[in-house]
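Per-entry structural report
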Amino acid sequence: NALMPFLMKETATAREAIAARLYKLDGVKSAMIEAATRGERAVRISDRTLLVDLRGTEAAQRLAEWSQHNGMTMEWLDRQVERPNGLKVMIGEPVISWGHETYSFS
């Protein structure tokens, strides 16, 4: 099946490109500073239009390592999204925290 390897490669390439854009450190740091100035102790790194899970990407791994190296915690919170084709899937979004709070999606 020549299609399967092509599909897997295209999916992985797209996920890596999306993660590289979303998890750029300059943008993450800006979001964290904005959250801190509002008195918050955590930030969710999210693109509300995102319809794919980016866990397991190289950019996500680098973000987790950077967070840990800087004394922060990164965890993944799941949320359900509906794709244009009607499929409902669960995706994870990273939350980086520098304090102790409990998080949930309603």
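Analysis parameters
- Residues numbered from 1 in each chain as written.
- Predicted model: local features only at pLDDT ≥ 70, side-chain atom pairs only at ≥ 80, totals over all residues.
- Heavy atoms only, no water.
- Pairing = 2+ DSSP bridges.
- Helix = DSSP H or I, 4+ residues; strand = E, 2+ residues; numbered from the N terminus.
- Axes fitted to C-alpha atoms, helices over the stretch in contact; angles between N-to-C directions.
- Contact = heavy atoms within 4.5 Å.

Side note on the sheet that holds strand β2 (residues 73-82)
As summarised here, the arrangement of the three strands in space is β1-β3-β2, forming an open sheet in which the pairing is antiparallel. Edge positions in the sheet fall to β1 (42-44) and β2, since each has one partner strand and no second. Each strand axis lies, on average, 25° off the axis of its neighbour in the sheet, ignoring direction. As paired strands, β2 and strand β3 (residues 88-97) are joined by ten bridges and run antiparallel to one another. Paired with Asp78 across the strands is Gly92, a residue of β3. This element, helix α2 (residues 25-37), spans β1 and β3 of the sheet and lies at about 130° to β1. Strands in contact with helix α3 (residues 58-69) are β2 and β3; relative to β2, the strand with the most contacts, it is inclined by about 145°.

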